[in-house]
Amino acid sequence: IIGTGSYVPERILTNRHLREMVDTSDKWIVERTGIRERRIASGEETNVTMGRIALERAIENSGIRCEEIEFLVVGTNTTEPVWPSASGHIANLLGLRKDLPFLDVQAGCTGFNFAFSVAEMFIKAGQYRTVAVIGTDKLSAITDYQDRNTCVLFGDGAGALILKQSMSEGIIRSHLGGNARSRNLLILSKKDGTGNAYIRMEGRKVYTFAKKAMVESCFRVLDPSGTADKKELRTLFEQVTKIIPHQANARIIMGAAEELESRLELPAGEAKNKMIVTIEQYGNNSCASIPLALDISLRTGKLRKGDLVIFVGFGAGLTYAANLVRI
Ligand code: ACO
């Protein structure tokens with residue numbers, strides 16, 4: 001990873017604002033989710049405009065020229081209309097190479113992890129040397145602000161990074177997982193009579209799935225063959241500096257950390273202290289959440305060059321994934 005960038009809209013939606021919209025309270029939202037506020041895109045802002053700014057910042061941060069980018073992959077769920085893809089719009093807006101190949105990856109909130117893994121494969125295969133990856137979503141466009149089960153959770157934003165082929169250790173491997181049988185737990189459905197589709201979710205069931213999937217994916221990315229015993233797995237885990245989890249709910253993140261501690265017989269707090277949590281200010285902004293947290297962590301010195309990091313996510317589909325990366 002030679003550069004990162006991110007963007008969040010200016011408008012802040014606090015728990016207090018939400019209290020005026022649905023039957024909820026700041027106390028409930030903070031206790032159950034860890035979220036205090038989230039960013040909401042203006043009418044003109046889209047996943048494309050936010051992704052474009054994030055990528056521009058990542059290009060600047062990496063010091064490369066736009067023309068050096070050979071391939072663009074965008075994880076997103078909120079392109080409207082769905083054709084042409086967000087990646088095509090972004091490539092055009094930024095004036096990337098005329099013949100640049102680009103594609104969108106749609107895998108719920110795991111879209112960033114999947115997109116990152118697509119980029120990883122093309123680089124490892126030797127097909128491209130410099131690849132841009134973006135995670136961007138405008139969940140506010142598909143959130144029903146009359147549904148307290150969902151509207152307190154979501155926000156908007158974008159994060160981007162530039163990957164470059166290198167002889168030194170970088171992306172070590174990824175683990176991708178899915179559970180299509182549970183696809184109905186998190187879907188878009190039309191509200192009676194209207195043309196708009198909104199997120200509908202069985203929160204409790206997604207919560208249980210998420211915690212389990214994150215732990216499983218962390219183990220699988222450290223031990224792809226599944227042959228390590230507890231002691232070996234613990235040694236592998238101890239080498240990890242930080243974990244950047246999908247920011248869906250602070251309780252899911254801390255619950256997964258507790259599960260890791262219990263399964264690996266680690267001292268209390270050992271996995272919790274590795275978790276990077278930015279949800280308080282941004283809520284769940286889907287594909288943006290991991291690259292946004294990565295960018296913030298690098299810029300504030302929470303992460304440093306040489307750190308070994310796991311990006312781990314889950315989302316609609318249902319899907320889940322982890323990427324093991326030497327920063
Ligand atoms: N304010 C006040 N009360 C609420 C609210 C709210 N905003 N939302 C729900 N409640 C109520 C419920 O109606 C319920 O009341 P009842 O007991 O009278 O029926 C009570 O609170 C408890 O509800 P639960 O759903 O059991 O609460 P839980 O502790 O599970 O928290 C939450 C709900 C936050 C949604 C949690 O289940 C969760 O985070 N699930 C995972 C969601 C998620 O991560 N989704 C995103 C996936 S990523 C993607 O692809 C978009």
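None of these values were measured; they are calculated from a predicted model. The residue numbering used here restarts from 1 in each chain and proceeds along that chain's sequence as written. Selection of residues for local features in this predicted model requires a pLDDT of at least 70, selection of side-chain atom pairs for listing and counting requires 80 or more, and totals for whole chains, interfaces and linings are taken over all residues. For side-chain calculations, the full set of non-hydrogen atoms in the structure is used, while hydrogens and water are omitted.

K.L.:
How would you sum up the site of the ligand? Please name residues and give values.
P.N.:
Nearness of a residue to a molecule or strand requires only that one of the residue's heavy atoms be within 4 Å of it. In the vicinity of the ligand, 25 residues are found, and the nearest of them are T24, R32, C109, N249 and A316. Take T24: an N or O atom from its side chain is 2.6 Å from a nitrogen atom of the ligand. Calculation of accessible area relied on Shrake-Rupley with a 1.4 Å probe; when residues are assessed, cover is drawn exclusively from the protein chains displayed. When the ligand sits alone it has 1,000 Å² of accessible area, and the protein chains cover 77% of it. Here a strand is any run of E in DSSP of at least two residues, a helix any run of H or I of at least four, and the numbering for each starts at the N terminus. Elements represented by at least two residues in the shell around the ligand include exactly α2 (26-33), α6 (148-151), α7 (203-222), α9 (250-264) and β12 (308-315). Among the elements that line the shell around the ligand, the one with the most residues is α7, at four residues. Polar contacts, as used here, are pairs of N or O atoms within 3.5 Å; protein pairs need one atom able to donate a hydrogen and one able to accept it. Residues neighboring in sequence count only if both atoms are side-chain atoms.

K.L.:
Kindly report on the layout of surface pockets, identifying the contributing residues and their values.
P.N.:
When its volume is computed, the second largest pocket comes out at roughly 340 Å³. Contributing to the lining of the second largest pocket are 17 residues, with K164, S166, S168, G170 and I171 lying nearest its centre. Mapped onto the lining of the second largest pocket, the elements with two or more residues apiece are α5 (111-124), β7 (156-164) and β13 (319-326). The residue makeup of the lining of the second largest pocket, split by class, is seven nonpolar, four polar and six charged. Buriedness of a pocket was judged along seven lines, with at least five required to meet protein on both sides within 12 Å; pockets are open sets of points on a 1 Å grid over the protein atoms alone, cavities are sets where a 1.4 Å probe fits but cannot get out, and lining residues have an atom within 4 Å of a point. Grid points are joined across faces, edges and corners, and a volume is the space filled by probe spheres set on the points. Each residue is assigned to one class: nonpolar for Ala, Val, Leu, Ile, Met, Phe, Trp, Tyr, Cys and Pro, charged for Asp, Glu, Lys and Arg, and polar for all the others, Gly among them.

K.L.:
Describe the pattern of salt bridges, and please don't skip the residues or the numbers.
P.N.:
The term salt bridge refers to a side-chain nitrogen of Lys or Arg lying within 4 Å of a carboxyl oxygen of Asp or Glu. All chains considered together, the criterion is met by 18 salt bridges. For the salt bridge of E31 with K27, the shortest nitrogen-to-oxygen distance reads 3.2 Å. Of this pair, E31 and K27 both sit in helix α2, four residues apart, which is roughly one turn of the helix. Accessible area is worked out with a 1.4 Å probe on protein chains only. A residue is then buried under 20% of its type maximum, exposed over 50%, and partly exposed in between. K27 sits in the exposed class, given a relative accessible area of 56%. Put simply, K191 and D144 hold a salt bridge, and the shortest N to O gap is 3.2 Å.

K.L.:
An account of the nonpolar core is needed here, citing residue identities and associated values.
P.N.:
By convention a nonpolar core is built from buried Ala, Val, Leu, Ile, Met, Phe, Trp, Tyr and Cys residues, the set being connected through side-chain atoms within 4.5 Å. If you look at the biggest cluster of nonpolar residues, it comprises 50 residues, and the most contacted ones within it are L222, F237, I243, L260, I310, V312 and F314. Elements with a minimum of two residues in this core: α7, α8 (230-238), α9, β12 and β13. Per-element tally for this core: the top contributor is α7, with eleven residues. The residues contacting I310, other than those within four sequence positions of it, are C218, V221, L222, V240, K242, I243, I244, A322, N323 and L324. Counting 27 residues, the second-largest nonpolar core is a separate cluster that includes F114, F116, A119 and I123. We call two residues in contact whenever any of their non-hydrogen atoms come within 4.5 Å of each other.

K.L.:
So what's going on with the packing of aromatic side chains? Which residues, and what values?
P.N.:
Stacked, edge-to-face and tilted labels apply to pairs of Phe, Tyr and Trp rings (six-membered ring for Trp) whose centres lie within 6.5 Å, assigned for plane angles under 30 degrees, over 60, and everything in between, in that order. Across all of its chains, the model carries seven aromatic pairs by this definition. Seen in terms of ring centroids, F71 and Y128 are 5.0 Å apart; in terms of plane orientation they differ by 25°. Their pairing is stacked. On the criterion of sequence distance, the pair formed by F71 in strand β4 (residues 71-75) and Y128 in the loop between α5 and β6 (130-138) is long-range, its members being 57 residues apart. Per residue, the accessibility class of F71 equals that of Y128, and both read buried. Ring pairs connect the aromatic residues F71, F122 and Y128, which therefore count as one cluster.

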